[in-house]
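Here is what each chain is made of, one letter per residue.
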Amino acid sequence: MQRRLERAILALAAERGPDKTICPSEAAREVGGDGWRDLMGPARSAARELARRGRVVVTSRGEVLSPEEEWRGPVRIGVVTGG
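Conventions adopted
- Residues numbered from 1 in each chain as written.
- Predicted model: local features only at pLDDT ≥ 70, side-chain atom pairs only at ≥ 80, totals over all residues.
- Heavy atoms only, no water.
- Helix = DSSP H or I, 4+ residues; strand = E, 2+ residues; numbered from the N terminus.
- Buried < 20%, exposed > 50% of the residue type's maximum accessible area, 1.4 Å probe, protein only.
- Polar contact = N/O pair within 3.5 Å; in protein donor to acceptor, adjacent residues only side chain to side chain.
- Contact = heavy atoms within 4.5 Å.
- Pairing = 2+ DSSP bridges.
- Axes fitted to C-alpha atoms, helices over the stretch in contact; angles between N-to-C directions.

A. Here's a closer look at the side chain of Ser60. Position of Ser60 among the secondary structure elements: in strand β1 (residues 56–60). Classification of Ser60 as buried rests on a relative accessible area of 14%. In this structure the side chain of Ser60 is engaged in a polar contact, spanning 3.2 Å, whose partner is the backbone oxygen of Pro74. Discounting residues that sit within four places of it in the chain, Ser60 has contacts with Leu65, Arg72 and Pro74.

In structure tokens, the structure reads:
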């Protein structure tokens, strides 16, 4: 399930483009269908792991979140772009 969520996050974020973000719920819905709510925790965990690997950036209220710290409230996921 983790890998499926990671793939969904990467695909959705790439499709959205470098200037926009996705919500973890979008990946949960893609993978879980009607049972998506049960996948919200796993979707956030998948985003955290992808952020650890430098594949995505996770933000809250415009601030980049560390994958090593606790996240509270809504988060957004964006693709990592070259600098």
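B. Spatial organisation of the environment of Ala51. Relative to the helices and strands, Ala51 is located in helix α3 (residues 40–52). Overall, the relative accessible area of 14% leaves Ala51 in the buried class. In this structure the C-alpha to C-alpha distance between Ala51 and Leu65, which are 14 residues apart in sequence, comes to 9.0 Å.

C. Here's a closer look at the sheet that holds strand β3 (residues 76–79). Read from one edge to the other, the open sheet built from three strands follows the order β2-β1-β3, with strand pairing classed as antiparallel. Of all strands in the sheet, those with a lone pairing partner are β2 (63–64) and β3, marking the two edges. Pairing of β1 with β2 involves two bridges; the strand directions are antiparallel. Residue pairing for β2: Thr59 is matched across the bridge by Val64. In this fold helix α1 (residues 2–16) packs onto β1 and β3, with an angle of close to 70° to the strand it touches most, β3.

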